[in-house]
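# Observations on the model geometry
What follows is each chain in one-letter form.
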Amino acid sequence: MLTSEKSSLVSNYRPLPGVYDELMDSSGQVRSKYRFLVQSFQELGTAELFNRRRDADRILRENGVTYNIYQSDSPEAKERPWNLDLFPMVMESEEWRVLERGLNQRADLLDCILKDVYSKRRLLYEKKIPPEIIFNEQSFIRSCQGMFESNHFLTKNPALLFFVCDLIRSSSGQFYVLNDRVQAPSGSGYSLENRIVLSRIFPSIYRDAMVHRVAVYFRSFRKALVQLAGVSGRDPFIVLLTPGPGNETYFEHAYLSSYLGYTLVQGEELTVRKNRVYMKTVEGLQQVDLILRRVEDLYLDPLELKGDSILGVPGLMEAIRSGNVKVSNPIGSSYLENRALLPFYSDLCRFYLGEDLIIPMAPTYWLGNLSQKDLVLREPEKYVFKTVSRSDEQHPVTFGELEGETKDKFIQRLQNEPSAFIAQEILASATMPVLTENGFRQGRAIMRTFVTSSGNGYQTMSGGLIRVSPSLDEFFITSQRGAWSKDLWILASEAQNEETLLVPKKEQVSIYRKGSGVPSRVADNLFWLARYMERGENQARILREAAFQVLQIEDVYDRSAVRNILRMGTHITTSYPGFLGDDSEELFNNPFPELSRLATDKNSIGCLGYNVKNIVSASKSVRDRLSEDMKRIMLTLEDIIENEHTSYDSLIDYFHKIIFNISALNGFSFENMSRESGWFFLELGRRIERSINMILILQGMLKWEGELDKASFQLLLNINDIRITYRRRYQGRIDLESVLDILIFDITNPRSFAFQIEEISRCIKVLPAKEDNQMFPEDRAVLKLITEFKMQDINILFKSKEPLIAVSAWMETMHDLLRELSDSVSMRYFNYAEEQTRIGDMNG
């Protein structure tokens, strides 16, 4: 915990010599803009700050805020919780206004460069940059030539809709630009989440500090997208294109799509037909007006760009040229991330805008210029070396971290390929306090700012994302390297009004009682999410009953029932041989290790832990469709399967938690989800899986018919949670025929096979894209299923000479029909990935 002395927050904090510190001046005094904040934190006391830290972590976790870290030894990404420091960076309005003007100026400059590079190329004819900076760079996309001139809207409005700019403050207090991001810039969603968390954790401090709101930025951003879409008479259909859950900032993609009200899609969900882009939904094709992309340029169209890309949409470039879809930021804007441009920005600003840069560039040199190369290599330890292209796998390096053969090879590469590198002077970045258990400590900081197009130019978010290094020795400050994040508070001179994305009263809102189409990928994931939920709950019930029975063995009669339920555990998880193997006698004598494995193993297909892991995984693919309560339950499930168990009591508690949480998920989905297409796929998946589980349970029990007895019948009733109703009906008597009847044919039992068949039929009837008087494969499949079911009854089955064999054979027939139904639904509604053929690496 934090120490108890209030003064400890700043007592051990001292500015570094020759380095600008955000909190204190050179004499060690807290700057005036921070005094209110420091005093407020110290009045709270360290114990309360510890509680607020815990609350912030809880909120971030409940909201699913993560940043994926790519591991060098694994193709998979490691999901890491978002690190938010509670102490914000503060900036007064006067200082911020200078930065704001400089950022807006930079947006104008970048927009001018983008339009010029793909049209007249005045910067080449006027010899403002060498030709090789354009034509030798992979990010320059020749097929974008003339694209902006042919777009009437972009000739009068900015082509660059938004960008982010990373700033660093030097020892003099002057801000410098390090770089710009325009293709798929991240951070705005994290910045918004940071603001939401701090305003909840410190409501009175946030209110009294009179902080500028960030929602104004998002309102302008959404308005700019609507204007760019150019649709009249209706709301434009806008989608946010993401690379998928494996991307490092996937949380932000899902978060922004939900916050802005756009549909989150992956490339495989879009298709081009007759030069128009459509989203493949379960209702059919739905035309897309604008794509807000988080996929880099070269991956957007495998037909014309990177031929092996599976992240983009074949034919997208031609659809854009035809004017049938807009993309923001436009394809081709990746050229603005060409680092070789950075040394020329001062001259280019005077060339295009007739003025000097308000925010200067960090001193940067392009090594393709021989004089600049010689200057840099005289004292290379003063610089950080970066490749011109961001797609290059070479990470930024300093000479101080190189030695021996590695250093020699790097120097040789600089000599052989000088034009592929820039050198940026190492600036002593400003330090900033981070709240720790021992008070404030220092870290080096970098500021990410956000700019969007507005009705009269550009608008900068009155806030930003601050990243702070975990160590003063860390030169590269990135989230990938474990940097902490901070919120940026711009102080206003008067209290600020609440800002939201709600439509102003003067604007009329159209009433809709049906949402946009459900993408096939979403329907697929909802369908399987429900199946994994039902499968997990069913397994937890069976394994819980097994644990109960093991603890209650009293005589040989009970041992028979225990063996049956343990065999059922192996059968229902398909984790053979287990309790059905040749060495099962040894496992029966000590069932705990095998029972624990069936319950908790996350890596063995079929085990309960594996299925719960799949529940969490499927939910992350549709997180933008889930309520906050459902997301919290998913986090709880994720925690539950990480615990180890050394006793039956612990294992039984594990089963209880899984059953309760999955039941809560079912309850939330049933009571709170609107009855649109997605819900019916969720419900259909649940009913199909419950039917299959019933078949597997009965088939398992019937395999051991010689040992079926009263205890086995009670197990079946307990597992299906129908024992109380059965006892009331049959007044304590129990036999196989009545047990099978209540489990299979009793329509009043919500867990019975009959009930599932009725619900499956109801769902199939209301699935989308149906036409009158036309039978589709799923309609035929469900008709066969219902017909086969209605042709049987418990009395008919038990009139046969071998009733158990007859029931088992009939169950297998029903199982086949259920698989046929599931496959027909999948082929018709979930077959969204079109076959692609690789035709080249670049430009066809």
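Take the overall build of the chain next. If you tally the helices and strands in the chain, you get 30 helices and 21 strands. In terms of overall dimensions, the chain is globule-like: its C-alpha atoms have a radius of gyration of 32 Å, near the 28 Å expected for 844 residues. With the C-alpha coordinates aligned to their principal axes, the bounding extent of the chain is approximately 100 × 70 × 65 Å. When the 844 residues of the chain are sorted by exposure, 57% land in the buried category. Long-range pairs, those at least 24 residues apart, make up 72% of the contacts in the chain with a sequence separation of at least 6. As presented, the chain carries roughly 36800 Å² of accessible surface, and 47% of it is formed by carbon and sulfur atoms. Separation of charge centres in the chain, based on 102 positive and 114 negative side chains, amounts to 4 Å.

What follows deals with helix α13 (residues 345-353). Each full turn of the α-helix corresponds to 3.6 residues, which orients residues three or four apart in the same direction. Every buried residue of α13 is accounted for by Y345, L348, C349, F351 and Y352. For α13, the buried positions fall inside an angular range of 165° around the axis, keeping them on one side. Those residues of α13 that are buried lie in contact with α4 (93-117), α5 (122-125) and β5 (175-181).

Turning our attention to the nonpolar core. Among the nonpolar cores identified, the biggest contains 140 residues, and L23, F41, I129, I291, L316, I331 and Y345 are the most heavily contacted of them. Per-element accounting of this core gives the leading share, nine residues, to α4. In contact with I331, other than residues within four places in its own chain, are I141, C144, F148, R293, D297, L300, L305, L316, M317 and I320. Formed by 106 residues, the second largest nonpolar core is a distinct cluster that contains L566, L717, L767 and M811.

This part takes up the pattern of salt bridges. Following the criterion strictly, the structure yields 49 salt bridges and no others. One salt bridge connects E537 with R751, and the closest N-O pair in it is separated by 3.8 Å. With E537 in helix α16 (residues 520-551) and R751 in the loop between α26 (736-744) and α27 (753-766), this pair connects stretches of sequence that are 214 residues apart. E778 is paired through a salt bridge with K770; the nearest N and O atoms lie 2.8 Å apart. Take E778: its relative accessible area is 0%, and that puts it in the buried class. Salt bridges sharing partners connect three or more residues here, namely E534, E537, R541, R690 and R751.

Helix-helix packing is characterised by the crossing angle of the two axes and by the distance between the axes. Close contact between α27 and helix α30 (residues 803-829) brings their axes to 13 Å; oriented N to C, the two are set at 25°. It follows from the interaxial angle that α27 and α30 lie roughly parallel. Along this stretch, α27 crosses α30, giving a crossing that reads as left-handed. Here F753, I757, I760 and I764 of α27 lie close against α30, whose contacting residues are M814, L818, L821 and V825. The residue inventory of the contact of α27 with α30, partitioned by class, reads eight nonpolar, no polar and no charged.

Low-pLDDT stretches of the model should not have their predicted coordinates read in fine detail. Confidence in the prediction of the chain, expressed as mean pLDDT, is 87, and 91% of residues score 70 or more. Within the model, pLDDT remains below 50 along residues 71-77, and this stretch shows six contacts once partners closer than five positions in the same chain are excluded. In this model, residues 837-844 is a region of pLDDT below 50 whose contacts with residues beyond four sequence positions or in other chains number 22 contacts.

Strand order in the open sheet formed by four strands is β7-β6-β11-β12, and the pairing between neighbours is parallel. Both outer strands of the open sheet, β7 (263-265) and β12 (326-328), are each paired with one neighbouring strand and no more. Each strand axis lies, on average, 30° off the axis of its neighbour in the sheet, ignoring direction. The pairing of strand β6 (residues 238-241) with strand β11 (residues 290-293) spans four bridges and is parallel.

This paragraph deals with the packing of aromatic side chains. In total, this model carries 39 aromatic pairs according to the counting rule given. The interplanar angle of 70° and the centroid separation of 5.2 Å between the aromatic rings of F681 and Y829 together place this pair among those described as edge-to-face. Of this pair, F681 sits in helix α23 (residues 677-703) while Y829 sits in helix α30, and the two are 148 residues apart along the sequence. Y829 shares its class with F681; the two are buried.

With that settled, consider the environment of L608. In this fold, L608 is placed in helix α20 (residues 608-621). It is 33 Å that separates the C-alpha atoms of L608 and G482, two residues lying 126 residues apart in sequence. Apart from residues no more than four positions distant in its own chain, L608 is found in contact with G536, Q539, A540, L543, L598, A599, Y654, F655 and I658.

On to the pairing of strand β21 (residues 484-491). Counted residue by residue, β21 has seven buried out of eight residues, so it is predominantly covered. Taken together, the four bridges between strand β3 (residues 89-92) and β21 define a ladder with parallel strand orientation. Considered in β21, the bridge of M89 is made with L488. Bridge count between strand β20 (residues 465-468) and β21: four bridges; the pairing is antiparallel. Bridging across to β21, I466 finds its partner in K486.

Glancing now at the side chain of T281. Structurally, T281 is set in strand β9 (residues 276-281). Once residues within four sequence positions are removed from consideration, T281 is found in contact with Q286, G517, V518, P519 and S520.

The strand order β13-β16-β14-β15 describes an open sheet built from four strands, whose pairing is antiparallel. Each edge of the open sheet is held by one strand with a lone partner, namely β13 (364-366) and β15 (397-398). Of the strand pairs in this sheet, β13 and strand β16 (residues 421-425) are connected by three bridges, and their pairing is antiparallel. In the strand pairing of β16, W366 is matched with I422. Across the face of the sheet, helix α15 (residues 404-416) comes into contact with β14 (383-387), β15 and β16 while running at roughly 115° to β16.

Within the element layout of this structure, P81 appears in strand β2 (residues 77-81). Exposure remark for P81: the relative accessible area of 55% places this residue in the exposed category. For P81 and D57, which are 24 residues apart along the polypeptide, the C-alpha to C-alpha distance reads 8.7 Å.

Here is what the cut-offs are and how they apply
Residues numbered from 1 in each chain as written. Predicted model: local features only at pLDDT ≥ 70, side-chain atom pairs only at ≥ 80, totals over all residues. Heavy atoms only, no water. Helix = DSSP H or I, 4+ residues; strand = E, 2+ residues; numbered from the N terminus. Rg over C-alpha atoms; globule rule 2.2 N^0.38 Å. Buried < 20%, exposed > 50% of the residue type's maximum accessible area, 1.4 Å probe, protein only. Contact = heavy atoms within 4.5 Å. Areas by Shrake-Rupley, 256 points an atom, 1.4 Å probe, with all protein chains shown as cover. Lys, Arg positive; Asp, Glu negative; His and termini not counted. Charge placed at Lys NZ, Arg CZ, Asp CG, Glu CD. Arc of directions from axis to C-beta. Core = buried A, V, L, I, M, F, W, Y, C linked by side-chain atoms within 4.5 Å. Salt bridge = Lys/Arg side-chain N within 4 Å of Asp/Glu carboxyl O. Axes fitted to C-alpha atoms, helices over the stretch in contact; angles between N-to-C directions. Parallel < 35°, antiparallel > 145°, perpendicular 65-115°, else oblique. Left-handed = near helix turned anticlockwise from the far one by under 90°. Nonpolar A, V, L, I, M, F, W, Y, C, P; charged D, E, K, R; others polar. pLDDT = per-residue confidence, 0-100. Pairing = 2+ DSSP bridges. Phe/Tyr/Trp six-rings, centres within 6.5 Å; stacked < 30°, edge-to-face > 60°.

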